[in-house]
Each structure stands twice: as structure tokens, then as C-alpha cells.
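Letter by letter, the chains look like this.
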Amino acid sequence: MPAGARVPPVPRRLLHLEAASPGSGAEMAAPSARPLSGAGSTVRSGASRRREREGAVAANRRQKLRWEGNLNRAPLGILPLRVFPAGSRFSRLCLPSPRRVTNGGKTTLTNRLIKALPNCCVVHQDDFFKPQDQIEVGEDGFKQWDVLDSLDMEAMVSTVRAWIENPVKFARSHGVNVTPGSKEPASKDTHILVIEGFLLYNYKPLIDLFDIRYYLAVPYDECKRRRSTRNYTVPDPPGLFDGHVWPMYLKHRKAMEDCGVDVVYLDGLKSRDELYNQVFEDIHNKLLNC
Ligand SMILES: Nc1ncnc2c1ncn2[C@@H]1O[C@H](COP(=O)(O)OP(=O)(O)OP(=O)(O)O)[C@@H](O)[C@H]1O
Ligand SMILES: NC(=O)c1ccc[n+]([C@@H]2O[C@H](CO)[C@@H](O)[C@H]2O)c1
């Protein structure tokens, strides 16, 4: 994304939702504009009520400005998001990617998110596939692409850790523009890492690094249809989907659920725009709450 680009303005709906939600802090900033009534209430003049209403409107406006101003600030360790003080004095937000079934639309969604989010880098799990001659052939006769052993997961975790250590250096070395003038992370900067892949939540050293975990899934028929239109660097041999890809997907999903990994499920049958809006708003809300 271009240097200095900001997170687009928060949709008004979001601000209102936030303002209405308990514990958002809005109640404190905006005293109730409702006239008091009932037993024990004080009878007040119209002018007094008008002054109170005007005060509440002004307080609401100040609160909104604070939220908008917060967008470019780092999460300072308060919220439901995990922050990374590790190795530096800076907090950062690490977002996992839509981990999903193959062809769930993860790349499509990720590409839109990384354009819209500030100081945002991405790590693709597919970049860590081992060379083809190191992929084992199973008893079923298929090369076992859809298992953790087909990936160099240690290298992947090292890459994520390099970002955690110094997101600005990481961004620069990967050609991502960061907030202008940042020679090193500043405490007011928010840095985001999106990690996208199909086997993220079955590898313990990675699971705990995420602040938010999305899981994008599509049903069997749609998945098979989309997969049949794809050309991977190593093309699928006949029968791979039913003989290996789908059974491995079910197995890994069950293992993830049995371990109680906390994920936000996304319906991959939704349109590209719906998915993008849902995830972007979700992330945006979390940033607002930092
Ligand atoms: N929301 C959507 N609705 C319909 N089709 C979609 C949607 N998102 C993506 N697609 C299409 O599905 C196919 C797979 O999308 P994409 O490459 O984003 O999936 P993926 O999960 O990254 O797959 P893989 O990891 O196997 O490469 C593409 O042809 C893409 O255009
Ligand atoms: N990217 C590759 O080299 C490659 C080779 C063979 C199969 N795949 C498939 O990619 C999907 C994950 O994105 C998995 O379902 C693999 O089967 C990828």
C-alpha cells in the first residue's frame, strides 16, 4: 500500500455499534441525553436539558475523533488482541490469515486486506512447500501435499518471528511501504502481519502467535468445483481431490477442533465483497479497541 496511506474511515454503522456497546467507553464520554424522569428525579428547565443534550453530542463527537485517531496507533496491550512486546518496546498486532480449505478464497480475500490495512505484510504458507522430490508418496499412491510434513514449517515460523522482531525492517526488505519517516518501529505505529495458508492451526508453534484466527470454509461440491479450475505448479493427478485433499482437510479440521483452537469461521460461499467487508470491519473494530 502507498506510504502514509491510512485505514479508510470507519463506516458510521461501526461507530454507532461501538458507541452502543457496553464497556466501549462511550458511555463515560457521553452522558445520557435522555431527560430524567420518575421518582426522585429533579425537574429541570428546557434550557438545562438542551445544554445537557448539546454536551452529550459534543462528547460523542470527541469520542469519535479519538477512535479515528486511534487507528494509526499501536495496540498498547489492553485488548483482546495479543500484542508482541517481544524483543522490542513496541506492541504490534498480528493477524492470521484466513486459514481455509483449499480454494476457499483465501488468496482473494488476503490480497484485498493487505491493500487496505496499514503497514501490512503477508506470509504465504504455500511459499514453504518442500521441493517436489521431497514430498512423500502415500500408501494411496498420491504425493502427500496436504500434510505438515510437506512444508518447511520451521522456516515459516522463523519468517514470522523476523517480522515480530522488526516489522519495519521486514516490510522494507519485502518491498512494503511503511509509514513515512519510520526508520524503526515507533510506539504509535500499528503493524499488521497477515499469514495465509491451508494448515496453520495444526502447528502448535504458530497457533499461539495469532491474535485473530479466521477459518474460511466452503462445502465439498463447491470446493471440488473450484479446485478443478486451478493450475498449481504441480498439477493435481486424477483422483487427488477425493483421495487425498478432501480427507486431509477433514482430518486436520477435526484435529483443530478437538484441540479447541479458537477461530472465527467464515462462510466461503459469501461473495468476495461480503467476506472482505466482514473481515475488514472485524479487524477495524479490534484496532479501534486497542
Ligand atoms: N467469495 C468467492 N466466491 C466465488 N468464487 C471465489 C470467491 N473467492 C474466490 N473465488 C474463486 O475461487 C478460486 C480460488 O480462490 P483463491 O485462489 O482465493 O482460493 P485459495 O483458498 O487461496 O486457494 P489455494 O490456496 O488452493 O490457492 C478462484 O478461482 C477465485 O476466483
Ligand atoms: N504450491 C505448490 O507448489 C503446490 C503443489 C501441489 C499442490 N498444492 C496444493 O496447494 C494447496 C494449498 O494451497 C494444497 O491443497 C496442495 O494440494 C500446491
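Residues numbered from 1 in each chain as written. Chains lettered and ligands numbered in written order. Predicted model: local features only at pLDDT ≥ 70, side-chain atom pairs only at ≥ 80, totals over all residues. Heavy atoms only, no water.

- Going by an unreviewed UniProt entry, the protein carries the name Nicotinamide riboside kinase 2 and comes from Amazona collaria.
- According to its UniProt record, the protein has this under Sequence similarities (unreviewed entry): "Belongs to the uridine kinase family. NRK subfamily."
- The Pathway (unreviewed entry) field of the UniProt record for the protein holds the comment "Cofactor biosynthesis; NAD(+) biosynthesis." (UniProt positions renumbered as here; feature names shortened; annotations may be inferred.)

1. As for the nonpolar core
Then, number 1: Counting residues in each nonpolar core, the largest one holds 39 residues, and the members touching the most others are M156, I195, Y201 and L206.
Then, number 2: Among the nonpolar cores identified, the runner-up in size contains 18 residues, and I192, I212, Y214 and F280 belong to it. (Core = buried A, V, L, I, M, F, W, Y, C linked by side-chain atoms within 4.5 Å. Buried < 20%, exposed > 50% of the residue type's maximum accessible area, 1.4 Å probe, protein only.)

2. Comments concerning the pattern of salt bridges
Then, number 1: Evaluated as defined, the whole model comprises 10 salt bridges.
Then, number 2: A salt bridge links E222 to R226; the nearest nitrogen and oxygen atoms lie 2.7 Å apart. With E222 and R226 both in helix α8 (residues 220-228) and four residues apart, this pair spans about one turn of that helix.
Then, number 3: A relative accessible area of 18% places E222 in the buried class.
Then, number 4: When the shortest N-O distance is used, the salt bridge between D236 and R227 registers 2.6 Å.
Then, number 5: A network of salt bridges, in which partner residues are shared, links E222, R225 and R226. (Salt bridge = Lys/Arg side-chain N within 4 Å of Asp/Glu carboxyl O. Helix = DSSP H or I, 4+ residues; strand = E, 2+ residues; numbered from the N terminus.)

3. A closer look at the packing of α8 against helix α9 (residues 240-258)
Then, number 1: Direction vectors running N to C along α8 and α9 enclose 120 degrees, while the axes themselves pass 12 Å from each other. Crossing angle aside, the handedness with which α8 passes α9 is right-handed. Of the residues in α9, those touching α8 at Y220, C223, K224 and R227 are L240, F241, D242, V245 and W246. (Axes fitted to C-alpha atoms, helices over the stretch in contact; angles between N-to-C directions. Left-handed = near helix turned anticlockwise from the far one by under 90°. Contact = heavy atoms within 4.5 Å.)

4. So, the site of ligand 2
Then, number 1: The local shell around ligand 2 holds 11 residues, among which D126, W145, D146, R227 and T233 are the closest.
Then, number 2: D126 places a side-chain nitrogen or oxygen 2.8 Å from an oxygen atom of ligand 2.
Then, number 3: For ligand 2, an oxygen atom lies 2.9 Å from a polar atom in the side chain of T233.
Then, number 4: Classifying every residue of the shell around ligand 2 by side-chain character gives five nonpolar, two polar and four charged. (Near = heavy atom within 4 Å. Polar contact = N/O pair within 3.5 Å; in protein donor to acceptor, adjacent residues only side chain to side chain. Nonpolar A, V, L, I, M, F, W, Y, C, P; charged D, E, K, R; others polar.)

5. Some words on the packing of helix α4 (residues 106-116) against helix α10 (residues 272-288)
Then, number 1: The interhelical angle for the contact between α4 and α10, taken along N-to-C directions, is 45 degrees, at an axis separation of 10 Å. Judged on the interaxial angle alone, α10 and α4 are oblique. α4 and α10 meet at a crossing whose hand is right-handed. Contacts between α4 and α10 involve T108, L109, R112, L113 and A116 from the first element and R272, D273, L275, Y276, V279, F280 and I283 from the second.
Then, number 2: Looking at side-chain class alone, the contact of α4 with α10 contains eight nonpolar, one polar and three charged residues. (Parallel < 35°, antiparallel > 145°, perpendicular 65-115°, else oblique.)

6. Description of the side chain of T110
Then, number 1: Relative to the elements of secondary structure, T110 occurs in helix α4.
Then, number 2: In this structure the side chain of T110 is engaged in a polar contact, spanning 2.8 Å, whose partner is the backbone oxygen of K106.

7. Let's talk about α10
Then, number 1: In a regular helix each residue adds 1.5 Å, so 17 residues correspond to 24 Å; α10 covers 24 Å between its end C-alpha atoms and thus fits that length.
Then, number 2: Among the residues of α10, those classed as buried are L275, Y276, V279, F280, D282, I283, H284, N285, L287 and L288. (Expected span 1.5 Å × (residues − 1).)

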